[in-house]
Amino acid sequence: MSDHAVLHVTGRVLVGPDDIRDELWVVDGRISLDRPAGARDVRTVRGWALPGLVDAHCHVGLDAHGAVPQDVAEKQALTDRDVGTLLIRDAGSPSDTRWIDDREDLPKIIRAGRHIARTRRYIRNYAHEIEPDELVAYVAQEARRGDGWVKLVGDWIDRELGDLSACWPREAVEAAIAEAHRLGARVTAHCFAEDSLRDLVEAGIDCIEHATGLTEELIPLFAERRVAIVPTLVNIATFPRLADGGEARFPRWSAHMRRLHERRYDTVRAAYDAGIPVYVGTDAGGGLAHGLAAAEVVELTTAGIPPVEALSAGTWAAREWLGRPGLEEGAPADLVVYESDPRADVRVLAAPRRVVLNGRVVG
């Protein structure tokens, strides 16, 4: 497609779950809902069009050992792009991936800076590892480096206890979250277990990653405060393997991880039923492959979330939550086209017919 070509997307354009149009046009990389005057060099794409998928918990530039070279990060981003993930919230990375912003062929990234963890309480080479009296300063630093988000490690295994436990005292997270909000950033936290959640939510946190520790007692608090969760069910599926690997040394932790895994679908469905916002995230990077956003949507439906709502959690609603446009007049033309209606069967998300990024057909 030349720089002056017009793209015509026709068939069924899902501007929203109930806002369906017959066509849209792409001119100079941006969406027009009306046919442009004098369009001559026109390429037509037919099918069911959605806004580009969102992975709200992803790590570009990270593998199991820490930061990766630029060429590896590029392959990660391309893997996500080629399955239709065109907007990523990077939920913590030691890599500087700002160079991706200059590439019109790679997904758009909203960064949360680098993870902030307690000393020796997270994966080696991933996080700033600090003590509570340093938390406010590091949150301020990462709020300025990121794109409106900061990522805390809310809990991790305490080797002396032999189980998951909260990483931060209440007063430390209260001060840190207040500082992030003062600087215009939202805060999210990695949390597997139960005991860190009340303090974080009552301190004003905006989102919880994984949220496997949600309980019947805590769910109303999340709902009242409108604290979102990103369950990363494709990652929670690895808990039994992790538990097996750590059972000899940490049997209490292993049993806990298995319990969290066993109730994972019930936890997510109870959260959804209570009105807690739920969004698609995969935890790609680290030890998990990229390109799994479609699989996570399927997992949300397995948990009992209605298909259209699960689809929205990775498209329309997720983009609104992150402050990025969908298929709107004048918005960047980031969209994915499918053979059939993804509202009827979310499994079609795994096989996009066309991927359009910044107005160009890239897949």
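Definitions and cut-offs
- Residues numbered from 1 in each chain as written.
- Predicted model: local features only at pLDDT ≥ 70, side-chain atom pairs only at ≥ 80, totals over all residues.
- Heavy atoms only, no water.
- Buried < 20%, exposed > 50% of the residue type's maximum accessible area, 1.4 Å probe, protein only.
- Helix = DSSP H or I, 4+ residues; strand = E, 2+ residues; numbered from the N terminus.
- Arc of directions from axis to C-beta.
- Contact = heavy atoms within 4.5 Å.
- Pairing = 2+ DSSP bridges.
- Phe/Tyr/Trp six-rings, centres within 6.5 Å; stacked < 30°, edge-to-face > 60°.

*Asks:* Help me out: how do you make sense of helix H9 (residues 264–273) in this one?
*Replies:* Since there are 3.6 residues in each turn of an α-helix, residues three or four apart along the chain are aligned in direction. Those residues of H9 that sit buried are Arg264, Thr267, Val268 and Ala271. Along the long axis of H9, the arc covered by the buried residues comes to 95 degrees, so they all point the same way. The inward-facing, buried residues of H9 contact helix H5 (219–225), strand S17 (228–230), helix H6 (233–236), helix H8 (251–262) and helix H10 (293–302). Two residues or fewer past H9, Gly275 is found with a positive phi of approximately 90 degrees.

*Asks:* When you look at the sheet that holds strand S18 (residues 335–338) in this model, what are you seeing that I'm missing?
*Replies:* Backbone-to-backbone hydrogen bonds join strands into a sheet, with any given pair of strands oriented parallel or antiparallel. Pairing within the open sheet is mixed, and its seven strands lie in the order S3-S2-S1-S4-S18-S19-S20. At either margin of the open sheet sits one strand with a lone partner, and together these are strand S3 (30–32) and strand S20 (360–361). Relative to strand S19 (residues 354–357), S18 runs antiparallel, the two sharing three bridges. Bridge pairing in S19 links Leu335 to Val356.

*Asks:* Which parts of the structure should I look at to understand the environment of Ala193?
*Replies:* If you trace the backbone, Ala193 turns up in the loop between strand S15 (186–191) and helix H4 (197–202). Taking the C-alpha atoms as reference points, Ala193 and His115, separated by 78 residues in sequence, lie 18 Å from one another. Apart from residues no more than four positions distant in its own chain, Ala193 is found in contact with Asp155, Leu164, Gly213 and His256.

*Asks:* Could you clarify how one ought to interpret the packing of aromatic side chains in this entry?
*Replies:* The geometry of an aromatic ring pair is captured by two quantities: the separation of the ring centres and the angle between the planes. Within this structure, the stated rule accounts for six aromatic pairs. Ring centres of Tyr122 and Trp156 lie 4.8 Å apart, and the angle between their planes is 75 degrees; on these two criteria the pair is classed as edge-to-face. In this pair, Tyr122 sits in the loop between strand S10 (116–118) and strand S11 (128–130) while Trp156 sits in strand S13 (residues 155–158), placing the two residues 34 residues apart along the sequence. Considered together, Tyr122 and Trp156 belong to a single accessibility category, that of buried residues. Ring centres 4.8 Å apart and planes at 75 degrees place the aromatic pair Phe192 and Phe239 in the edge-to-face group.

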